Amino acid sequence: MIDKPIEAVMRESKRDILIPADLVATVNEENNLQHVFLVLTKIKYAKIPVLDNDSHFKGLVSLPMITEKMLGNTGITSRCLDTMKVKEIMQTEVPTIYERDNLEAILRYLIDENFLPYVDHENYFKGIITRREIFKEVNFLAHNFSKHYIALPAYLEKKLNQETKSKSM
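Caption draft 1: Main features of the packing of aromatic side chains. As enumerated under the stated definition, the model contains 1 aromatic pair in all. For the ring pair F57 and F125, a centre distance of 6.3 Å and an interplane angle of 25° mean the geometry is stacked. Taken together, the positions of F57 in strand β4 (residues 57-62) and F125 in strand β8 (residues 125-130) put the pair 68 residues apart, joining distant regions of the chain. Here F57 matches F125 in class, with each residue buried. For R108, the ring lying beneath its charged end belongs to Y109, and the centroid distance is 5.5 Å.

What follows is the structure, given as structure tokens:
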């Protein structure tokens, strides 16, 4: 559990940690790999969300997933990219966030992921929460914590409590 003072200061920031869906590069699960290869190459992201026709989150696709399909016994070929669909190779076991306020879950997942898809309870894609945006919040915390709280080492606080108890006896 995140300490309440830490969480309180991080929530004071006026910055929204969510990058809305309309600003996120996505592909459709029915797109062929040629299209996705071009999108990933142009936007220079390693991995992007995959959606269905109704904007429901379906998974993630990455450049390594595509290049793996291009590797053959005799070398690299791009012939398969025209016929294979994203849904055939995408990663479907993906951690998602349903509650933007669940800072503890977000921090836990972002240890291993660069971003988290944010979806509603019907799996409608709402955007992403990136490690970069969380680091901005940590930066805000680091520069604003002492404006609201005095940080005392835990042992000092215990000692003060013990002294107070001794004096009251």
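Caption draft 2: View of the pattern of salt bridges. Using the criterion set out here, one finds 4 salt bridges in the structure. For E137, the salt bridge goes to R15, with nearest N and O atoms at 3.2 Å. Of the two residues, E137 sits in helix α6 (residues 131-144) while R15 sits in the loop between α1 (4-12) and β1 (18-20), which places them 122 residues apart along the sequence. The exposure class of R15 is partly exposed, given its relative accessible area of 39%. With a closest N to O distance of 2.7 Å, E30 and K87 form a salt bridge. Here the residue E30 occupies a position in the loop between β2 (27-28) and α2 (33-43), and K87 occupies one in helix α4 (residues 86-89), the gap between them amounting to 57 residues. Classification of E30 as partly exposed rests on a relative accessible area of 34%.

Definitions and cut-offs
- Residues numbered from 1 in each chain as written.
- Predicted model: local features only at pLDDT ≥ 70, side-chain atom pairs only at ≥ 80, totals over all residues.
- Heavy atoms only, no water.
- Phe/Tyr/Trp six-rings, centres within 6.5 Å; stacked < 30°, edge-to-face > 60°.
- Helix = DSSP H or I, 4+ residues; strand = E, 2+ residues; numbered from the N terminus.
- Buried < 20%, exposed > 50% of the residue type's maximum accessible area, 1.4 Å probe, protein only.
- Lys NZ or Arg CZ within 6 Å of the ring centre and 35° of its normal.
- Salt bridge = Lys/Arg side-chain N within 4 Å of Asp/Glu carboxyl O.

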